[in-house]
Amino acid sequence: MNYENWISYRYLISSKGGFLSFLNFVSIAGVAIGVAALIIVTGIMTGFGNNLRDKIIGTTPHIVVEKEIGVKDFDKIAGQLKGIPGVVGVSPYVQGNVFIEDSGQALGLVVRGIDPATEGSVTKIKEYLLKGKVDDLTGDGIVIGKELARYFGYSLGDTVTLIAPSSGLAGQSWRYQLKIVGIFSSGMVDYDMNLVLLNIRKAQEIFNLPANLVSGVGVKVSDPYKVSDVKKNIHGLLGFGFLVKTWIDINRNLFEALYLEKWGLFLILTLMVLIASFNIITTLIVTVTSKVHDIGILKSIGVPSSSIRWLFTKLGMYIGSMGTFWGVVGGVASTYILRTYVKVPAEIYSIDHVPVDLQLTDMLIIVASAMAITFAATIYPSMRAAALQPVEALRYE
């Protein structure tokens, strides 16, 4: 340990009068609280974002292949898509809008007609079913969301009435009596309230589509975060006459809002670390003032101004490093407690704990930001200490 580090450390643990020790403690605590708050908030935001992504990926296909007039000969197209590297599942679907009628009330819904034999290879509908089985989705069967069942008081085996506008002759609407064979919970209120599932043949009947025409083909890939490469391969295979959208394209506005919210909170909470840096400035100024005699002696024996500057810079960095270390420890411990022991209403969030996901990249950014702010806080006090002249420093001693 060179003399700069040794003197800086001695100043850090100095207990003369207890005042400098108290200032050092306050400065370390301020940085620690700011760093811990950053870690907790970014971990929770990342956890909620990833939880939302998992629910979206589980409810909808990773990629949808559609055409303006519908997709014909989808069995042939499905066979072609299965040959693309990274594709692990393909399933056709029919999608459209209907109304559900009950006790004089009408509510707009999204109908998705699925093939029960292949839908499980594309979405997690089998995992989301609370009651019933996907294989029971035949004929006049219907699978509804938990929120829709709660809203109308439906249960397994009840009959619902769907109204398909303009599915018959011009100006007419057709009514369909369907039996509830399943109730699912995706964890997203919008899906659980507004999405119902039918057998693909029944959906084609409701929307007056021929047997060889569907709305699109859903595709599942091995890595949902690398769908762009598969999307390019699909365009290369089928041509640009098809509309190919990934789950990221469909939910881009939502994910951009989450991203901005996460980093907006990060910038706001960084102000806590910035405020804590003023404690470091104050501590260093007081330390410089109380150590004027020491500085004069050091300079009188030939210690250069650059060493004096580094001495107080290192003192500030020690404070920032200790604050950052204990902030990381406190933040990680707090997120563990939140994830393990703090419960949230499962009926609202569809999870019974706080979702926390600490990512190494976020942690490194937080630590680097705290250390950069700490270094900036040491510049002025260390320069003032280095500017002192030996004669002035020793004049009143």
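Residues numbered from 1 in each chain as written. Predicted model: local features only at pLDDT ≥ 70, side-chain atom pairs only at ≥ 80, totals over all residues. Heavy atoms only, no water.

*Asks:* So what exactly am I meant to see when it comes to the overall build of the chain here?
*Replies:* Helix and strand counts for the chain come out as 15 helices and 10 strands. The buried share among the 397 residues of the chain stands at 47%. For the chain, contacts bridging at least 24 residues in sequence account for 79% of all contacts bridging at least 6. (Helix = DSSP H or I, 4+ residues; strand = E, 2+ residues; numbered from the N terminus. Buried < 20%, exposed > 50% of the residue type's maximum accessible area, 1.4 Å probe, protein only. Contact = heavy atoms within 4.5 Å.)

*Asks:* I'm lost on the environment of Gln-95 in this one. Help?
*Replies:* Mapped onto the fold, Gln-95 is located in strand E2 (residues 87–102). Gln-95 gets classed as partly exposed once you look at its relative accessible area, which sits at 37%. Residues in contact with Gln-95, not counting those within four places in the same chain, are Val-110, Val-111, Arg-112, Phe-207 and Ser-215. A distance of 3.3 Å separates a polar atom in the side chain of Gln-95 from a polar atom in the side chain of Arg-112. (Polar contact = N/O pair within 3.5 Å; in protein donor to acceptor, adjacent residues only side chain to side chain.)

*Asks:* Mind showing me how you'd approach the environment of Leu-254 here?
*Replies:* Note that Leu-254 resides in helix H10 (residues 252–290). Relative accessible area serves as the criterion here: at 35%, Leu-254 is assigned to the partly exposed category. When the C-alpha atoms of Leu-254 and Gly-49 are compared, they prove to be 9.8 Å apart, with 205 residues separating the residues in sequence. Ignoring any residue separated from it by four or fewer positions in sequence, one finds Leu-254 in contact with Leu-52 and Ile-56.

*Asks:* I keep staring at the nonpolar core and nothing clicks. Help me out?
*Replies:* One broad trend across soluble globular proteins is that nonpolar side chains are buried collectively. Ranked by size, the top nonpolar core spans 41 residues in total, and within it Ile-63, Val-65, Leu-81 and Ile-234 carry the most contacts. The contact partners of Ile-63, leaving out residues within four places of it in the chain, are Val-217, Gly-218, Val-219, Val-221, Val-227, Val-230, Lys-231, Ile-234, Val-244, Lys-245 and Thr-246. Listed in part, the 24 residues of the second largest apolar core include Ala-276, Leu-315, Met-363 and Ala-370. (Core = buried A, V, L, I, M, F, W, Y, C linked by side-chain atoms within 4.5 Å.)

*Asks:* I tried to follow the packing of helix H12 (residues 305–341) against helix H14 (residues 360–387) on my own but got confused; where do I start?
*Replies:* Geometrically, a packed helix pair is captured by the angle between its two axes and the distance between the axes. Viewed as axis vectors pointing N to C, H12 and H14 meet at an angle of 150°, and their least axial separation amounts to 8 Å. Relative to H14, H12 is oriented roughly antiparallel. Relative to H14, the crossing made by H12 is right-handed. Packed against H12, whose contacting residues are Ser-305, Ile-308, Arg-309, Phe-312, Thr-313, Gly-316, Met-317, Gly-320, Ser-321, Thr-324, Val-328 and Val-332, the element H14 presents Met-363, Val-367, Ala-370, Met-371, Thr-374, Phe-375, Thr-378, Ser-382, Met-383, Ala-385 and Ala-386 at the interface. (Axes fitted to C-alpha atoms, helices over the stretch in contact; angles between N-to-C directions. Parallel < 35°, antiparallel > 145°, perpendicular 65-115°, else oblique. Left-handed = near helix turned anticlockwise from the far one by under 90°.)

*Asks:* Got a minute to help me understand the side chain of Asp-102 in this structure?
*Replies:* Note on placement: Asp-102 falls in strand E2. Of the side chains bearing the opposite charge, Arg-175 lies closest to the buried Asp-102, which forms no salt bridge; the N-O distance is 11 Å. Within the local environment of Asp-102, its side chain forms a polar contact with the side chain of Tyr-154, the two groups lying 2.9 Å apart. In this structure, Asp-102 is in contact with Phe-152 and Tyr-154, ignoring residues within four places of it in sequence. (Lys, Arg positive; Asp, Glu negative; His and termini not counted. Salt bridge = Lys/Arg side-chain N within 4 Å of Asp/Glu carboxyl O.)

*Asks:* Before we go on, may I ask you to explain the packing of helix H2 (residues 19–59) against H14 in this structure?
*Replies:* In contact at an axis separation of 10 Å, H2 and H14 are set at 155° when each is read in the N-to-C sense. Here H2 lies roughly antiparallel to H14, going by the angle between them. As for the relative orientation of H2 and H14, their crossing is right-handed in sense. Every residue of H14 that contacts H2 at Val-35, Leu-38, Ile-39, Thr-42 and Thr-46 is listed here: Asp-362, Met-363, Ile-366 and Ala-370. Taken together, the residues of the contact of H2 with H14 sort by class into six nonpolar, two polar and one charged. (Nonpolar A, V, L, I, M, F, W, Y, C, P; charged D, E, K, R; others polar.)

*Asks:* What's the story with the packing of aromatic side chains in this structure? I'm lost.
*Replies:* In this description, an aromatic ring pair is defined by two values, namely the gap between the centres and the angle between the planes. Enumeration according to the criterion identifies six aromatic pairs in this entry. Consider the rings of Trp-174 and Tyr-176, whose centres lie 6.5 Å apart with planes at 50°: the pair is tilted. Its relative accessible area of 40% is what places Trp-174 among the partly exposed residues. With relative accessibility at 6%, the residue Tyr-176 sits in the buried group. Counting every residue linked through ring pairs, the aromatic cluster contains Tyr-151, Phe-152 and Tyr-154. A cation over a ring is seen here: Lys-67 above Phe-242, with NZ or CZ 4.6 Å from the ring centre. (Phe/Tyr/Trp six-rings, centres within 6.5 Å; stacked < 30°, edge-to-face > 60°. Lys NZ or Arg CZ within 6 Å of the ring centre and 35° of its normal.)

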